[in-house]
Each structure stands twice: as structure tokens, then as C-alpha cells.
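# Per-entry structural report
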2 protein chains.
Amino acid sequence: MANNAFVAAPPPLKDELDIVIPTIRNLDFLEMWRPFLQPYHLIIVQDGDPSKTINVPSGFDYELYNRNDINKILGPRASCISFKDSACRCFGYMVSKKKYIFTIDDDCFVANDPTGKAVNALEQHIKNLLCPSTPMFFNTLYDPFREGADFVRGYPFSLREGVPTAISHGLWLNIPDYDAPTQLVKPLERNTRYVDTVLTIPKGTLFPMCGMNLAFDRDLIGPAMYFGLMGDGQPIGRYDDMWAGWCCKVICDHLGLGIKTGLPYIFHSKASNPFVNLRKEYKGIFWQEDIIPFFQNLTLPKEATTVQECYIHLSKQVKEKLSKLDPYFDKLANAMVTWIEAWDELNPQGASKANGKA
Amino acid sequence: MANNAFVAAPPPLKDELDIVIPTIRNLDFLEMWRPFLQPYHLIIVQDGDPSKTINVPSGFDYELYNRNDINKILGPRASCISFKDSACRCFGYMVSKKKYIFTIDDDCFVANDPTGKAVNALEQHIKNLLCPSTPMFFNTLYDPFREGADFVRGYPFSLREGVPTAISHGLWLNIPDYDAPTQLVKPLERNTRYVDTVLTIPKGTLFPMCGMNLAFDRDLIGPAMYFGLMGDGQPIGRYDDMWAGWCCKVICDHLGLGIKTGLPYIFHSKASNPFVNLRKEYKGIFWQEDIIPFFQNLTLPKEATTVQECYIHLSKQVKEKLSKLDPYFDKLANAMVTWIEAWDELNPQGASKANGKA
């Protein structure tokens, strides 16, 4: 069937994809990824002290930006890029000129599948991004475009074409992505279950997007992939990817784009300190009780047909409805606008390409 | 954590569950299920010629109803029970007096998990039904109540209690549940992928519910588990379980109940004839293009707080909005009312118990 044409599609050439890595340390973890990632270009966003030197294993093709570079490139607009928080990674999304981004944390290693084979995470992300999503109706055999699968009986034929996939959200073996309270309560829990599936998050459903192992189509959703204001000088941390995920999901739903989750797995080596995490998270734990209903009830106007237009509308609603929670959201709403201005400045042709329906 | 208290919950005793099997043949397939199903009571609904004798392997505790029995018990209301179609199985749901139902097709055998161990499908269904569902927000590590899993970072704490699970939808290895066109195009496709997961179908999302390997809580959703008018004298077949699934999903969403899909697998032995299936399905293939938007846009009134009240409201909307598709839907809407009358007659205390919010 036509849909299986997608399964065998080759990964895009290296000139269509950048790998974005936020870091404060030497990138020794790349040694293990060499067979899979060395053909690609890396954008390294150095967090914290810019005078520190980051060692990148030899043979990798990369560009590196520290805080001084970000300030120089963005000028006053650099205020929208977080400092001392891995949220700074979104600067890499902005300076890339490629169609696809794969972003990975520097404590993520190559996972093995149940047969013991090393998982080529990037290849699976590319497969996910190259075949359509099916957000309008749930397929009980999961991604109908995977080899050996299809749409099941009762799946409307008019919905089988699917929609373009904007985001591929990969998972983690070993250390699960838990919040601080769950880390504290379950310090020994490890994720050992390899779930061999990919599925589309249905339209209208929010999910917690983790930035540890994530790929997306910059042309389709890039300008919404803003990781917010976290870390130094901000009252909150560890909600950067969550914020981006909620914004991206409502915009994808509005523009008719899809988000997949599941495979590929990476091996997450080390739990972050739950006490430090609790300090970063605790306001978010309160606030998300209001933020989630805000996103669940959000509607974007029909006239908003580009990601940028959607994002600006979203920023207005954040200002209007979330600022009463805390003045932080007023600042965040302003930063969202600054982010779009900076994006459009660095990506002058991006505005038209970013229309998911085009 | 408290949520894991559910994982180890024992299966309910045999006096809380009935197994419903629709059949036209001898039930030799039960031999393979003996270790798992013999402790439970079977309700066998014999389809087709009532003069034929169905052999049940010795040692099983069962009651058997043929068409004559159905006519005798329901009188003129027997018209709502399909004939010459496995949709007749819903009569078994109605005559049961137990809290839980597990229904299985007579060409479904015990599956093996990837380690080669026989899957106790019923035990997994019971686990699914005994722990809450999470339809309001997607958890990327799937069912947070499974052993070794939990809610991930960014999952709102106020939603972690979940909602009662009304339905557990199991899957099939070997012959996938494809429609006739897909069967014709992919005659050799087999499902060999064992996906080790259970997940909640999000609120607002429809799915194709297959009746082959299905369990549910009669007290919570029983009166909505009507398999419609199929087979003899009807213009359509093979949409019995789909119809029930769409009705159940909108009612579960309205009443705050959950539906899980995924594990357990059964081994589906034999593909039905795609030519025969095409004849049964082809009107459904057209009609579902209107039926799905109908269900997607359906709203039930706040005053409808029992399954029966929701179902009667639904029948009215079927009559009002789908009858223009075909006079069949007028007949179906009437049969939906008859079904509820018959249900309430056989389950006089059921009406109050059936409130998911009670």
C-alpha cells in the first residue's frame, strides 16, 4: 500500500539536519554516538561561563555558541534566551538553517533494543518525521505507517492520508523523566520497559514534551519551539521543554500538523539532583494546574495561518490570562514576542515556509 | 507510591466476571484457554440455527442461549438482538448478573509474549479495569499505574488520580483486524509486533473498538455496550463492535470514565473471507465518513448522568442526524431504545448502579 512507501524512506542527507546540544561540560558522550551522529553537523550551545572551553571529540563537524556569541548575534533580543539553563538550546534552533533538528542532552547514551542491538535514535526520528501523523482518530495498532502495520477496521478512509508530522518525541530507558517529588519518592525506579511503538498524540490532547531526545521539522514548527525563560534570574526551571510542548501542541492542532511519541529510546545515564530540581520546579508544580486548563481551552483565530502568527496570538493570551498567576508570565509573554522577532531576523524567508498548510 | 497499589491487585473472584462467547461452532478453542478461563462462568450465545448442538469442552461451567431462548426471554424486544452475526453477543452482556464481562471470539487462541510465555489475557484485562485511566492528559510512559512506570515530569498533579476504567480493549497477534479492502490488498500481512504497553484513549478521541478481545465493567458502561443491528435482514455487518465503541467512547467521555487499549494480546488464528467481508462492510465504509463526524461533534446534556440516559439521548440524535444517510439509522435508533428497555427489564437495579459518577 502507498502508506508503506514511507517506511523505507532513507534518512535525509546531512545537509538537511542539524544536531543541537546544550552543554556546560566536555562532550565525551559523543564518542558513543560517533557511528550515528558523526555524519551530521552539530550546533553546540554552551551554557554558563563563556570563558570555559568545551572539548568536542575529534572528527565532529560543529559550530559552538557561548553567551558572548548569543549576545553579539541577537543584541538586546538576547534577553529571550535563557542563561544557566539548558533552555538556552533553542538558540541553536534559531541559528540553524536546516530543515530538521535533532536535540539531545549530553547525559544521554545509545540505548539497546531488546535484541541487544544499538538503537540509531536519529534514524528513527527521521522515519517518524517523514511519515504522516494521524491525530484525528486513534489507530489501535499504533503508527499505521510502520512496517507490518496499517489502519485497522473501522478507521475512516478519508482520514488515512494523515497530516504532516512536525515533531518526533523520543523516550528514555534507565532514568525516567520524573519530576522532583516522584524522584524523591521513587529514587530507585528505572525504566526497563522497551515499548516497541510510535503513535500520534491525538488532536486536542496535551502531553509533557521532554527536550532530552527530540526531533522536529524547523520549517513546519520551528518558531514555536521556544524554550521560554528559565534559570538565571527566573523563578522557575525544568519547564522549558514543557512550555515549548504545550505551545507546539496547540499550534500543531490548529495548523493541522502531527506530533509522534514513542520510539526511539536513548539511555539516560544519570538522574539530576531531586533537591535542586524541587527548588527549580516547585512554582511550576503550582502554576501548571492553571497553565494546563489555559492551553486546553485555548483557541487560535482562523486568520492565524503561520506558526509565527499563531505564536504571537498565543503570547497575547499568555499576557492576558496567565499574568494574574504571577508577573513572570507577563515577562514570558514579552519574551515570546522577542523570540519571534529574533527568529524572523535570522530566518528572513522563514515566515512563509513556516505555514504548515502551505 | 499509592498508584502502584493497583498493580498487584488480584483478579476478581469468579463470581464477579462472566465470559461471553458468540459462536456457531463447537468450542474446541476453549481447550487451549482451560488454565485461564475454566474457573470462570461462560455465557455462550449461539448464533444461527438453534437446532444445531454446540459442543462445549467438559469441565467448563456455562449457560447457553440460542435464538429461541433469546426470543422467549425478550419477547418482541428480541428484535434488537442481531441474528446470523456475532453482534448477538451483546445479549450475553444483558443476561449476565456480574460486574465484569470478558468477551472473546471463538477463533482467538492464547498468545505468547516475547519470552515465549503464554499470555493470560483475562488477568491483564482485569488489571486494566482495576486501575484508573488518564484521559485528560497523555502520559508519555503510557499507563502510569503499571509496575515500573509513573507519571512523568510535567503531568499535572491534580489529574493523577485518574478516572474509573470502564473498558479494556485488547489486541491481536497474527491476523490483524483489517477491513476487507486492506485484507484484499495485504493478504499476507501478519501482526508480529508485541507492543508491551497499555494506554488510555484520550478524552475527545474516537477509536475503532474491536469485539474480539474485550473486557468491560458492566456496572459502569454495560447499557451502552449494544452491538447494533447487523447480519440477517440488515444492510450491514462487521460494524457491531465499532458502533458500540463509538457510543461507549462519547458516553465515557461525558461521564468521566476511561477506556484503555493495548495489552493483552490474543492470537487470532484465521482471517475471515475478504469477499464476504466486503459485501458486509461496503455500506459501512461509506457511512462511517458521516458517522465519525457525527460522533466527533456530539454533545450530551449535563442532565444525562446515567449510561441509560446518555444512551437514550444518543438514540435521539442518531434518529435526527443519521436517518438522512439511510432509513437503516431510523431502525437502529429505535433498536437502541428497545435495547435499553430490555436491559432495564432484565437488570431492574442496574439503572442507579450504572452512573459512572456515583
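An unreviewed UniProt entry lists chain A under the name UDP-arabinopyranose mutase, with Lupinus albus given as the organism.

## Some details on the overall build of chain A
The secondary structure content of chain A amounts to 11 helices and nine strands. The C-alpha atoms of chain A give 19 Å as radius of gyration, which agrees with the globular expectation for 358 residues (21 Å, within 12%). The principal-axis extents of the C-alpha atoms in chain A amount to approximately 55 × 50 × 45 Å. Across chain A, contacts joining residues at least 24 apart in sequence account for 76% of those joining residues at least 6 apart. Taken as a whole, chain A presents about 13,200 Å² of accessible surface, with 55% of it coming from carbon and sulfur.

## A word on the relation of the copies chain B and chain A
These two copies of the chain differ by a rotation about an axis and a displacement along the same axis. In screw terms, the move from chain B to chain A is a rotation of 180 degrees and a rise of 0.0 Å along the axis, fitting with an RMSD of 0.0 Å. Taken together, these values place the two copies in the relation of a two-fold axis. Relative to the rotation axis, the C-alpha of Val195 of chain B is the closest in chain B, positioned 2.9 Å from it. Taken together, the interface assignments show that 100% of the residues at the interface of chain B recur at the interface of chain A, consistent with an identical surface on both copies.

## Some thoughts on the pattern of salt bridges
This structure, assessed with the given rule, holds 38 salt bridges over all chains. For Lys260 of chain B, the salt bridge identified is with Asp143 of chain B, shortest N-O distance 2.7 Å. Placement of Lys260 of chain B in strand 9 (residues 258-268) and of Asp143 of chain B in the loop between helix 4 (121-130) and strand 6 (165-174) is noted, with a sequence separation of 117 residues between them. Linked by salt bridges that have partners in common, Arg77, Glu341 and Glu345 of chain A make up one network.

## Quick notes on the interface of chain B and chain A
Each partner contributes residues to the interface: chain B has 63 residues there, and chain A has 63 residues. On the chain B side of the contact with chain A, Phe138, Arg153 and Arg193 of chain B bury the most area, a combined 16% of that side's loss. One can count 10 salt bridges joining chain B with chain A. In this structure, Arg153 of chain B engages Asp177 of chain A in a salt bridge whose closest nitrogen and oxygen atoms are separated by 2.8 Å. Remark: the boundary between chain B and chain A carries 24 residue pairs in polar contact (both at pLDDT 80 or more). Elements represented by at least two residues in the side of chain B that touches chain A include exactly strand 6, helix 5 (180-185), helix 7 (240-255), strand 9 and helix 8 (274-297) of chain B. Looking at which element gives the most residues to the side of chain B that touches chain A, the answer is helix 8 of chain B, with six residues. Across the side of chain B that touches chain A, the residue classes break down as 31 nonpolar, 15 polar and 17 charged.

## A word on the packing of helix 9 (residues 307-322) of chain A against helix 10 (residues 328-346) of chain A
All names here are of chain A. Close contact between helix 9 and helix 10 brings their axes to 8 Å; oriented N to C, the two are set at 165 degrees. Regarding the angle of helix 9 to helix 10, the classification is roughly antiparallel. The two elements helix 9 and helix 10 meet at a crossing, and its hand is left-handed. Within the contact between the two elements, helix 9 uses Gln308, Tyr311, Ile312, Leu314, Ser315, Val318, Lys319 and Leu322 and helix 10 uses Phe329, Asp330, Ala333, Asn334, Met336, Val337, Trp339, Ile340, Trp343 and Asp344. In the contact of helix 9 with helix 10, the residues fall into 12 nonpolar, three polar and three charged.

## Here's the deal with the packing of aromatic side chains
On inspection of all chains with the given rule, the structure shows 35 aromatic pairs over all chains. Seen from their ring centres, Tyr65 of chain A and Phe91 of chain A are 5.3 Å apart, and the 75 degrees between their planes marks the pair as edge-to-face. Of this pair, Tyr65 of chain A sits in strand 3 (residues 61-65) while Phe91 of chain A is found in helix 3 (residues 90-95), placing the two residues 26 residues apart along the sequence. Neither Tyr65 of chain A nor Phe91 of chain A differs from the other in exposure class; each is buried. For the ring pair Tyr239 of chain B and Trp246 of chain B, a centre distance of 6.4 Å and an interplane angle of 45 degrees mean the geometry is tilted. Of the residues examined, Trp246 of chain B reaches a relative accessible area of 1% and is grouped as buried.

What counts and what doesn't
- Residues numbered from 1 in each chain as written.
- Chains lettered and ligands numbered in written order.
- Predicted model: local features only at pLDDT ≥ 70, side-chain atom pairs only at ≥ 80, totals over all residues.
- Heavy atoms only, no water.
- Helix = DSSP H or I, 4+ residues; strand = E, 2+ residues; numbered from the N terminus.
- Rg over C-alpha atoms; globule rule 2.2 N^0.38 Å.
- Contact = heavy atoms within 4.5 Å.
- Areas by Shrake-Rupley, 256 points an atom, 1.4 Å probe, with all protein chains shown as cover.
- Least-squares fit on C-alpha atoms with pLDDT ≥ 70 in both.
- Salt bridge = Lys/Arg side-chain N within 4 Å of Asp/Glu carboxyl O.
- Buried area = accessible area lost by both parts, 1.4 Å probe.
- Polar contact = N/O pair within 3.5 Å; in protein donor to acceptor, adjacent residues only side chain to side chain.
- Nonpolar A, V, L, I, M, F, W, Y, C, P; charged D, E, K, R; others polar.
- Axes fitted to C-alpha atoms, helices over the stretch in contact; angles between N-to-C directions.
- Parallel < 35°, antiparallel > 145°, perpendicular 65-115°, else oblique.
- Left-handed = near helix turned anticlockwise from the far one by under 90°.
- Phe/Tyr/Trp six-rings, centres within 6.5 Å; stacked < 30°, edge-to-face > 60°.
- Buried < 20%, exposed > 50% of the residue type's maximum accessible area, 1.4 Å probe, protein only.

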